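Here is how the chains run, residue by residue.
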Amino acid sequence: MVPKQEEDPDKKNNQHKWHSMDADDVLEKLDSSQDGLGQEAAQERLEKYGPNKLPSAQKRTALQRFLAQFNNVLIYILIIAAGVTALLGHWIDTAVILAVVLINAIVGFLQEGKAEKALEQISEMLTPHTTVLRNGKKEDVEADQLIPGDIVLLESGDKVPADLRLIEVNNLKVDESVLTGESEGVQKSVKPVDEEAVINDQENMAFSGTLVTYGRGRGVITATAIDTEIGKISEMLSEQEKLTTPLLKKIERFGRWLSVVIVVISGLLFGYAYFIGNYSLGDSLLAVISLAVAAIPEGLPAIITITLAIGVQEMAQRNAIIRRLPAVETLGAVTFICTDKTGTLTRNEMTAKTLIAPENRYRVEGTGYNPEGDFYLDDEKIPPEDHSEMMNICRTALLCNEAEIKQNEDGEWELNGDPTDGALAVIGMKAGINKKEFERLDMIPFESETKLMATLHKNKSGEKNIYIKGAPEKILELCSRERVNGETREIDQQRWKERMDETAGQGERLIAVAIKKAENDQESINMEDVENEPELLGVIGMKDAPREEAAKAVEICQNAGINIIMITGDHLLTARAIAKELGMKGAEKALTGKELEEMSDEELREVVKENRVFARTNPEHKLKLVKALQENNEVVAMTGDGVNDAPALKRADIGVAMGIKGTEVSKDSSEFVLADDNFASIESAIKQGRTIYDNIRKVVLFIMPTNGAEALVIILAIMFGMLLPLSPVQILWVNMVTAVTLALALAFEPTEQGVMQRKPRDPDEPILGAYFLWRILFVSVLIASLTLVFFFWTYQNDMTIENARTIALNMLVAGQAFYLFNCRYMNKQVLSLSGLAGNHYALIAVGVLIILQLFITYTPFMNTWFGTSPLQPFQWALVMGGGLGAFVLVELEKFIFRKIGENGD
């Protein structure tokens, strides 16, 4: 009977532990055999399971994206206002209001960026063709035609097309870094492993999307499509609800609150004007529209978008490529950075750092596969050729090796082969050993069962030696003697164990090397030759070295109140050592993925408050950790480069992917990509994020009082039964020109001093705190009072209504222009050269605004459209004096409140 994967309750409950079963039992459970499936059975299963491909993500059309820009309650109010003006026959008002709405929609549409591609990119990771056995014969089939029970043949360079339980291996190694995050290739076997083994330890499994780097093998498919480990990641991605940013949440709440206030006040104003103030129905409606237009900060969404876009440009210069504009702001609120180790904090290149010889311990400089670096003994630089015990280790590391290190066309050194072999080959090259001077006669490849590799070489003198490398415990088991300066002596096993434990405690992976003299006529070797009394040469310690800039970046982030958490698939000891080397606070507190699985959600929320290193994790663990932090009200950034990071990248408040070594899946699941794969670039990005948030607050602090002043002008005029000092189109003109010029200048404000000494702001911190509300009220009343005084004074001195409204219009604009400089520093005084002239964009904006005001005041067609008329020089003097007076009073207010704060009142 054909197994039905989607209906099998054991499978559904994830109780099929394929890795813990014997190969024969797996074949029996899947109703397959060593010869594979028959064509009829294969076709039947394909109909039941469906094709071996992942579902692609649905995208919004361009029209849907454009229409979404109008889904805002404030925009609804403006559209209603446009409809009412049309009914009243005020077509210019209608046209101007609708133009403002359309401009805002176009700006939002253009700034949205490309849609999510994560699921599509994961689907592309499946190989298009693969070799299978059907009825005992090899067949080349498309990957989407594979089904559970198929026998797949693997060779070096193949991408694994589905999840396999291996049933035969020949020195098979698989690079699983995109799935597990581990930098080393995994040596595969066919033996069952513990039922509770995590993905990293399932050595008898090969997972979809991983890469065969060495050897050959065959396996039976246990899962396809969405049931594979990559499929589960895809499912997690589709299930993650994209969280909006703290700022956008606040803007949305603020918009709803403001809309309610505007509707309520407009209703009350209409009732007062029509029923009490004896205004006509048309005039009452026009007053309500004027109020709505005045109170709605229609320029605010566009200015915030532009401010964020400026942040994007700034970050691009710092190698941080923003994919979604709100990420710029979110960076400034980050309280935790969850980072993968391999390729993020480290170089993803194994490097030999320590050589333990019988007599001495040597240190090797250099990183990666560049064969340049000096050798040190007791912190003193030494010539390698003067230390024979060290040269013996380096020679064996180079010769008992399958890797090739070559320079590419750009002069960079690249590895062809296993990363561990690459690290060993490099130290031989650093020691100046020429591999071509030795002829390889025979080799025993590395096998997981033997845990060693051996080669037979002949040098130019005709001397033959067997060079051996392998797991330290295996080599020490074979060796009873060690070679010291050409002589041998008995091994002190306890001494070697202590020395190796010390090195392993530094996060280094250990490889032991040994040598045995061969017979002159010997042309081949076998395991008996290798196991017959070889002599230990030493032990090599290697690690995936931290990036040079990473430690500094970690320090700066921690000083800024940002906690760093390392989440890695690597071993606990290695992860803890790297964390200590990087200077991470709390590095001594480390847990494994298995320990996390045994915790409840409540326990996990407590654990993440203190623990900073999580090792041997899988994708589900990373996602759980990010969720636990968010449930603790933290703003979480997640950095990563592999497929395994994608769900956490998407779930996090901000996902940061590596641009060079990162997979396309991780990039498309993130908010921004580091073009240089440099963790240090995150620090400058966070600094810029905090600056942008400061500037957005300055924009709000500028726009809201100016809109408040316009609204107050309308309300007070109706309350006193006077003519409206400003028409709706004049108010819209003020809103648009001041937003495009003055408010935009605040988007270019430079970073304030000490921005990276602050703690991350509270995610629940309101945009409009108590002081903000006071400032809005104070400035609104101040500018509205000046505008009304100038309007009524002009109108009562026998000026026309057009002239009175023109002076009111310019007084309103002048008050805002002077207030712009007040806003450059929210609390500090600006009465200094840097305060007044430190942002040259502000000076340019004022210049442009003056030109626009002269344009609307003196050009005939603008006089017709907007109901304005030319002003006299003395009237301009009054306007400038009023603006300057407002500036002085706001600076006095800031001085008083700062003194109150210093006194603790």
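Residues numbered from 1 in each chain as written. Predicted model: local features only at pLDDT ≥ 70, side-chain atom pairs only at ≥ 80, totals over all residues. Heavy atoms only, no water.

Visitor: I tried to follow the overall build of the protein on my own but got confused; where do I start?
Guide: Scanning the protein from N- to C-terminus turns up 34 helices and 28 strands. Taking the contacts inside the protein whose residues are at least 6 apart along the sequence as the reference set, 72% of them involve residues at least 24 apart. Summed over all atoms, the accessible surface of the protein reaches about 37900 Å², with 53% contributed by carbon and sulfur. (Helix = DSSP H or I, 4+ residues; strand = E, 2+ residues; numbered from the N terminus. Contact = heavy atoms within 4.5 Å. Areas by Shrake-Rupley, 256 points an atom, 1.4 Å probe, with all protein chains shown as cover.)

Visitor: Sorry if this is basic, but what is going on with a nonpolar patch on the surface here?
Guide: A cluster of nonpolar side chains, W774, L777, V781, L889, L892, F895, I896, F897 and I900, forms an exposed patch at the surface whose accessible area comes to about 750 Å². The set of elements that each furnish at least two residues to the nonpolar patch consists of α29 (770-796) and α34 (873-902). Here the nonpolar patch gets six residues from one element, more than from any other, and that element is α34. Among the secondary structure elements, F895 is positioned in helix α34. Using a relative accessible area of 38% as the deciding quantity, one classes F895 as partly exposed. (Patch = residues over 30% accessible without salt bridge, like charges linked within 9 Å, V, L, I, M, F, W, Y side chains within 5 Å. Salt bridge = Lys/Arg side-chain N within 4 Å of Asp/Glu carboxyl O. Buried < 20%, exposed > 50% of the residue type's maximum accessible area, 1.4 Å probe, protein only.)

Visitor: Even after reading the chapter, I still don't get the nonpolar core, so can you show me in this structure?
Guide: Considering soluble globular proteins, one finds that nonpolar side chains tend to be buried as a cluster. Among the nonpolar cores identified, the biggest contains 114 residues, and I337, F672 and F702 are the most heavily contacted of them. Here this core gets 16 residues from one element, more than from any other, and that element is helix α27 (residues 680-719). Not counting residues up to four positions away in its chain, the partners in contact with I337 are C557, I562, N563, I564, I565, A637, T639, F679, I682 and I686. Core analysis: the next-biggest nonpolar cluster, separate from the first, contains 35 residues, V364, I393, A423 and V513 among them. (Core = buried A, V, L, I, M, F, W, Y, C linked by side-chain atoms within 4.5 Å.)

Visitor: Mind showing me how you'd approach the side chain of E176 here?
Guide: On the secondary structure map, E176 appears in the loop between β4 (163-175) and α8 (177-180). Within the local environment of E176, its side chain forms a polar contact with the side chain of K188, the two groups lying 2.6 Å apart. (Polar contact = N/O pair within 3.5 Å; in protein donor to acceptor, adjacent residues only side chain to side chain.)

Visitor: Which parts of the structure should I look at to understand the sheet that holds strand β28 (residues 672-674)?
Guide: Spatially, β8-β28-β27-β26-β9-β23-β25-β24 is the arrangement adopted by the eight strands of the open sheet, whose pairing is mixed. The open sheet has two free edges, formed respectively by β8 (320-322) and β24 (590-592), since each of these has just one partner strand. Each strand axis lies, on average, 20° off the axis of its neighbour in the sheet, ignoring direction. Note that strand β23 (residues 563-567) and strand β25 (residues 613-615) share two bridges and pair parallel. Its bridge partner lying in β25, I567 is registered against F614. On the sheet, α27 packs against β8, β9 (336-339), β26 (636-640), β27 (654-658) and β28 and is oriented at approximately 140° with respect to β28. (Pairing = 2+ DSSP bridges. Axes fitted to C-alpha atoms, helices over the stretch in contact; angles between N-to-C directions.)

Visitor: Could you clarify how one ought to interpret the pattern of salt bridges in this entry?
Guide: A side chain of one charge can pair with a side chain of the opposite charge if their charged atoms are brought near each other. For the structure shown, the criterion picks out 27 salt bridges. R134 is the salt-bridge partner of D150, the closest N and O atoms lying 2.8 Å from each other. With D150 in the loop between β2 (137-142) and β3 (151-155) and R134 in strand β1 (residues 129-134), this residue pair connects regions lying 16 residues apart in the sequence. Side by side, D150 and R134 carry an identical accessibility label, which is buried. Salt-bridge contacts for D694 lead to R758; the nearest nitrogen and oxygen are separated by 2.8 Å. Here D694, found in helix α27, pairs with R758, found in the loop between α28 (728-746) and α29; they are 64 residues apart in sequence, far enough to count as distant. On the basis of relative accessible area, D694 is assigned to the buried category, the value being 7%. We classify R758 as partly exposed; its relative accessible area is 30%. One connected set of salt bridges, linked through shared partners, spans E359, E482 and R489.

Visitor: In this structure, what is going on with a negative patch on the surface? I would like to understand it.
Guide: Taken together, the side chains of D194, E195, E196, E595, E597 and E598 make up a negatively charged region of the molecular surface. The class for E595 is partly exposed, based on a relative accessible area of 34%. (Lys, Arg positive; Asp, Glu negative; His and termini not counted. Charge placed at Lys NZ, Arg CZ, Asp CG, Glu CD.)

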